[in-house]
Amino acid sequence: MRTNVNVVIPAYKPDEKLIKIFKMMETQTARVSKIIVMNTCQDAKNCERVDSDEVTKLCDKSGYKIDKDFIEIHNIRKEDFDHGATRNAGASHVSDDCDYVLFMTQDAVPENDKLIENLLKPFSDESNGNKIGVAYGRQLATDSSSLAEKFTRGFNYPDEDRIKTVDDIGTIGIKAFFCSNVCALYRREVLNELGGFVNKAIFNEDMVFANKLLKSGYNIAYASKATVIHTHEYSGMQQFKRNFDLAVSQKMNPQAFEGISSESEGVKYVIAAFKYFCKNKRPFTIIPFGINCVYKYLGYRKGKNYERLSKGQIMKYTSNKAFFEKI
C-alpha cells in the first residue's frame, strides 16, 4: 500500500526526545514525507522571526541539521495555543498528496522503525464494512519507570489489537472512543470530512473527535504493535490538575460524554492495580497509588462542577490557565 504520511507535533520547551523522533521518522519502513512542528514560542517578541524558535535552537545545539523539505516549523504565541485548534492548524499545512496525518506529542519516541507500518495495517483490511478512521498506538513505560506507571501504561494500552465500533459504546462505555493523540494516525479525508478537532479544547480533543467518528459510521483501531515510549511520573497535585481539566473537557462536550460515566472504569483501574502489585510482590505500592487516585478523583469532581467555582479557584485547580483566560 503506497501512502503519504505527514506528522504533526505540537511543541513547547522541546528537549532531546523531539530530535529522537525526527531521527526515527527518517528511518521508518513506511514513508513519512513531512513533519510539521507547531512550536509554542516562549519568547513572544521573537515569535515571528525565522530560525529563532526553540526547535531550531535545540537542533543547532545538538548538532542535528534540519532538512527544511522534511521538517517544517510554525511558531505560535503561547496565548494562541489550544489542544484542538493548534492541531487543526498543523493539519492545514500537510502536503497536497498527504493520505494520512499522524499526530504525536514531542515526548513520544517511536520504539522502532515499524511505527508507521504498524499504524497503517488496520487501514489495509477493510473487509466486511470495517471502515477505519483512526488508528492509535501503544504507549510503553521505560525500564526505569515506577511499578505504578508500568501498570498504568499496561492497563490503558494492552498487548492486543482491537477494532472499536459505535456498538461498543453500549458495552464498554467511554473506552469505546478512547484514543490518544500522543500517537494517532488519521485518514486525512475523514479528518476533513468531520471538520477536524473542536477548536476550543482544554483536553480530550482526540476522544471528542473519536466519539464523532464512531457515530458517523467509522471505526477506531488500536494497533498494539505500533509502539512509542511515553511515560510520566505525575505528583498528586499534577494528577489533580490533569483530571480537573479532563472533567472540564467532558462537561464542555456533552455531545460526546453526556450519559457516559468514567468513574466505574476508575474502580476497575484500582482493583486491577492491586492485583498487579501483588503479582509483582509489592502489594504496599497500593498505598501511594491509592493516594494518587484520590487526587485524581477530587480533581475530576471539581472539574465536573467548574461552572460553580470562582475564577480564582479555577486558576488554582487548572494546569491550563491560558485556556480559561480566553473564555
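Reading the values: the criteria
- Residues numbered from 1 in each chain as written.
- Predicted model: local features only at pLDDT ≥ 70, side-chain atom pairs only at ≥ 80, totals over all residues.
- Heavy atoms only, no water.
- Phe/Tyr/Trp six-rings, centres within 6.5 Å; stacked < 30°, edge-to-face > 60°.
- Helix = DSSP H or I, 4+ residues; strand = E, 2+ residues; numbered from the N terminus.
- Buried < 20%, exposed > 50% of the residue type's maximum accessible area, 1.4 Å probe, protein only.
- Lys NZ or Arg CZ within 6 Å of the ring centre and 35° of its normal.
- Core = buried A, V, L, I, M, F, W, Y, C linked by side-chain atoms within 4.5 Å.
- Contact = heavy atoms within 4.5 Å.
- Axes fitted to C-alpha atoms, helices over the stretch in contact; angles between N-to-C directions.
- Left-handed = near helix turned anticlockwise from the far one by under 90°.
- Nonpolar A, V, L, I, M, F, W, Y, C, P; charged D, E, K, R; others polar.
- Lys, Arg positive; Asp, Glu negative; His and termini not counted.
- Salt bridge = Lys/Arg side-chain N within 4 Å of Asp/Glu carboxyl O.
- Polar contact = N/O pair within 3.5 Å; in protein donor to acceptor, adjacent residues only side chain to side chain.
- Parallel < 35°, antiparallel > 145°, perpendicular 65-115°, else oblique.
- Patch = residues over 30% accessible without salt bridge, like charges linked within 9 Å, V, L, I, M, F, W, Y side chains within 5 Å.
- Areas by Shrake-Rupley, 256 points an atom, 1.4 Å probe, with all protein chains shown as cover.
- Charge placed at Lys NZ, Arg CZ, Asp CG, Glu CD.
- Pairing = 2+ DSSP bridges.

Caption draft 1: Just the packing of aromatic side chains, in detail. Using the criterion set out here, one finds 26 aromatic pairs in the structure. Aromatic pair Phe 244 and Phe 324: ring centres 6.4 Å apart, planes at 50°, arrangement tilted. Of this pair, Phe 244 sits in helix 9 (residues 236-252) while Phe 324 sits in helix 14 (residues 321-325), and the two are 80 residues apart along the sequence. The same class applies to Phe 244 and to Phe 324, which are both buried. An aromatic cluster of three or more residues is present, and its members are Phe 151, Phe 155, Tyr 269, Tyr 276, Phe 277 and Phe 289. In this structure, Lys 131 packs its charged tip against the face of Tyr 218, placed 5.1 Å from the ring centre. The ring of Phe 178 has Lys 175 sitting right over it, with the charged end atom 5.3 Å from the ring centre.

Caption draft 2: The arrangement of the side chain of Gln 239 in detail. With respect to the helices and strands, the residue Gln 239 is situated in helix 9. Judged by its relative accessible area of 11%, Gln 239 falls in the buried class.

Caption draft 3: Spatial organisation of the nonpolar core. In this structure, Phe 22, Met 25, Ile 35, Leu 102, Met 104 and Leu 119 are the most contacted members of the largest nonpolar core, which totals 39 residues. Not counting the four nearest positions on each side in its chain, Leu 119 is found in contact with Leu 102, Ala 135, Tyr 136, Gly 137, Cys 183, Leu 185, Ala 223 and Ala 226. Among the nonpolar cores identified, the runner-up in size contains 36 residues, and Val 8, Met 38, Cys 179 and Tyr 218 belong to it.

Caption draft 4: The environment of Pro 10, seen in detail. Tracing the backbone shows Pro 10 in strand 1 (residues 5-11). The spatial distance from the C-alpha of Pro 10 to the C-alpha of Ile 73 is 9.9 Å, given a sequence separation of 63 residues. Apart from residues no more than four positions distant in its own chain, Pro 10 is found in contact with Met 38, Phe 81, Arg 87, Met 104 and Gln 106.

Caption draft 5: Region of the structure containing the environment of Tyr 64. Along the polypeptide, Tyr 64 turns up in the loop between helix 2 (54-62) and strand 3 (71-76). Each C-alpha atom of the pair Tyr 64 and Ala 148 lies 35 Å from the other, and the pair is 84 residues apart in sequence. If we skip the residues at most four places from it in the chain, Tyr 64 touches Ile 19, Phe 22, Lys 23, Glu 26, Cys 59 and Ile 71.

Caption draft 6: Focus on the packing of helix 9 against helix 12 (residues 286-304). Where helix 9 meets helix 12, the axes come as close as 7 Å, and the angle between the chain directions of the two elements is 35°. Note that helix 9 runs across helix 12; the crossing there is right-handed. Only Asn 292, Tyr 295, Lys 296, Leu 298, Gly 299, Tyr 300, Lys 302, Gly 303 and Lys 304 of helix 12 make contact with helix 9, whose side of the interface consists of Gly 236, Met 237, Gln 239, Phe 240, Asn 243, Phe 244, Leu 246, Ala 247, Val 248, Gln 250 and Lys 251. When grouped by side-chain class, the residues that make up the contact of helix 9 with helix 12 number 9 nonpolar, 7 polar and 4 charged.

Caption draft 7: Just the side chain of Asp 82, in detail. Looking at the element boundaries, Asp 82 is found in the loop between strand 3 and helix 3 (85-91). Buried charged residue Asp 82 carries no salt bridge. Nearest counter-charge: Lys 326, at 4.7 Å. Within the structure, the side chain of Asp 82 is placed 2.8 Å from the backbone nitrogen of Gly 84, a separation counted as a polar contact.

Caption draft 8: Molecular detail of the packing of helix 1 (residues 16-26) against helix 2. Two elements in contact, helix 1 and helix 2, have axes separated by 10 Å at closest approach and are oriented at 80°. With respect to helix 2, the axis of helix 1 lies roughly perpendicular. In this structure, helix 1 contributes Glu 16, Leu 18, Ile 19 and Phe 22 to the contact, and helix 2 contributes Val 55, Leu 58, Cys 59 and Ser 62. Its residues placed into classes, the contact of helix 1 with helix 2 shows 6 nonpolar, 1 polar and 1 charged.

Caption draft 9: Representation of unusual backbone geometry within the structure. Backbone geometry at Asn 204 places phi at a positive 65°, although glycine is not the residue there. Within the secondary structure, Asn 204 sits in the loop between helix 7 (188-193) and helix 8 (205-215). Residues other than glycine seldom take positive phi values, yet Lys 281 does so here, at roughly 60°. As for its position among the elements, Lys 281 is in the loop between helix 11 (263-279) and helix 12.

Caption draft 10: Spotlight on a negative patch on the surface. A surface patch of negative charge is lined by Asp 96, Asp 97, Asp 99, Glu 189 and Glu 193. Within the element layout of this structure, Asp 96 appears in the loop between helix 3 and strand 4 (100-104). For Asp 96, a relative accessible area of 77% puts it in the exposed group.

Caption draft 11: Up close: the pairing of strand 8 (residues 183-187). Most of strand 8 sits inside the fold, with 5 of its 5 residues counted as buried. Burial of the side chains of strand 8 extends over both faces: Cys 183, Leu 185 and Arg 187 are buried on one face and Ala 184 and Tyr 186 on the other. The pairing of strand 4 with strand 8 spans 5 bridges and is classified as antiparallel. Pairing of Phe 103 across the sheet is with Ala 184, part of strand 8. Direction of pairing for strand 6 (residues 132-140) relative to strand 8: antiparallel, over a ladder of 3 bridges.

That is the geometry; function is a separate question.
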